[in-house]
Amino acid sequence: MPTKTVYEKAKERKRIADDIREQVGNAPCISDVRRYLGVSGDMTTNFLRDIPSFQLCPGGKRLYLAIDIAAKIYTLQMSSGRY
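Residues numbered from 1 in each chain as written. Predicted model: local features only at pLDDT ≥ 70, side-chain atom pairs only at ≥ 80, totals over all residues. Heavy atoms only, no water.

Chemist: Could you clarify how one ought to interpret the nonpolar core in this entry?
Modeler: In summary, soluble globular proteins display a tendency toward joint burial of nonpolar side chains. Within the largest apolar cluster, 14 residues are counted, with the highest numbers of intra-cluster contacts made by Ile16, Ile20, Phe47, Leu48, Ile51, Ile69 and Ile73. Put simply, the parts of the chain that give this core at least two residues each are helix 1 (6–24), helix 3 (41–48) and helix 4 (66–79). It is helix 4 that contributes the most residues to this core, five residues altogether. Apart from the residues lying within four places of it in its own chain, the contact partners of isoleucine 20 are Gly25, Pro28, Tyr36, Ala66, Ile69, Ala70 and Ile73. (Core = buried A, V, L, I, M, F, W, Y, C linked by side-chain atoms within 4.5 Å. Buried < 20%, exposed > 50% of the residue type's maximum accessible area, 1.4 Å probe, protein only. Helix = DSSP H or I, 4+ residues; strand = E, 2+ residues; numbered from the N terminus. Contact = heavy atoms within 4.5 Å.)

Structure below.
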């Protein structure tokens, strides 16, 4: 299988990010990500461990950017040989 160009990789990450935005918004919280991925809470927490998060107010929900989630999904797909 030929390797993907930088443009093809960026296009695929954008496609994943657009799907996330359509399903759960641009800055989903943990429960939104869990619903999007269709996995348990522990798996979601583990998946999000190294993705940057932010809070809009102290004590508020942790939010994650769709593009960061998409990048991790893409990386995992590439490392598993899925694409």
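Chemist: Can you walk me through the environment of isoleucine 51 in this structure?
Modeler: Along the chain, the position of isoleucine 51 falls in the loop between helix 3 and strand 1 (53–54). We classify isoleucine 51 as buried; its relative accessible area is 7%. Along the sequence, isoleucine 51 and leucine 65 sit 14 residues apart, while their C-alpha atoms lie 8.7 Å from each other. Excluding its chain neighbours within four sequence positions, the residues that come into contact with isoleucine 51 are Tyr64, Asp68, Ile69 and Lys72.

Chemist: Would you take a moment to explain the packing of helix 3 against helix 4 for this structure?
Modeler: Packed helices, taken two at a time, are described by their axes: the angle between them and the distance between them. Where helix 3 contacts helix 4, the axes come no closer than 11 Å and their chain directions differ by 95°. On the basis of the axis angle, helix 3 is roughly perpendicular to helix 4. Counting all contacts with helix 3, which are made through Asn46, Phe47 and Leu48, the residues of helix 4 involved are Ile69, Lys72, Ile73 and Leu76. Grouping the amino acids of the contact of helix 3 with helix 4 by side-chain chemistry returns five nonpolar, one polar and one charged. (Axes fitted to C-alpha atoms, helices over the stretch in contact; angles between N-to-C directions. Parallel < 35°, antiparallel > 145°, perpendicular 65-115°, else oblique. Nonpolar A, V, L, I, M, F, W, Y, C, P; charged D, E, K, R; others polar.)

Chemist: How should I be thinking about the packing of helix 1 against helix 4 in this particular structure?
Modeler: Between helix 1 and helix 4, the shortest axis-to-axis distance is 8 Å and the interhelical angle comes to 125°. When the axis of helix 1 is compared with that of helix 4, the two are oblique. In terms of crossing hand, the pair formed by helix 1 and helix 4 is right-handed. On helix 4, the residues touching Lys9, Glu12, Arg13, Ile16, Ala17, Ile20 and Arg21 of helix 1 are Ala66, Ile67, Ile69, Ala70, Ala71, Ile73, Tyr74 and Gln77. The class makeup of the residues in the contact of helix 1 with helix 4 is 10 nonpolar, one polar and four charged. (Left-handed = near helix turned anticlockwise from the far one by under 90°.)

Purely geometric stuff here, so don't read any function into it on its own.
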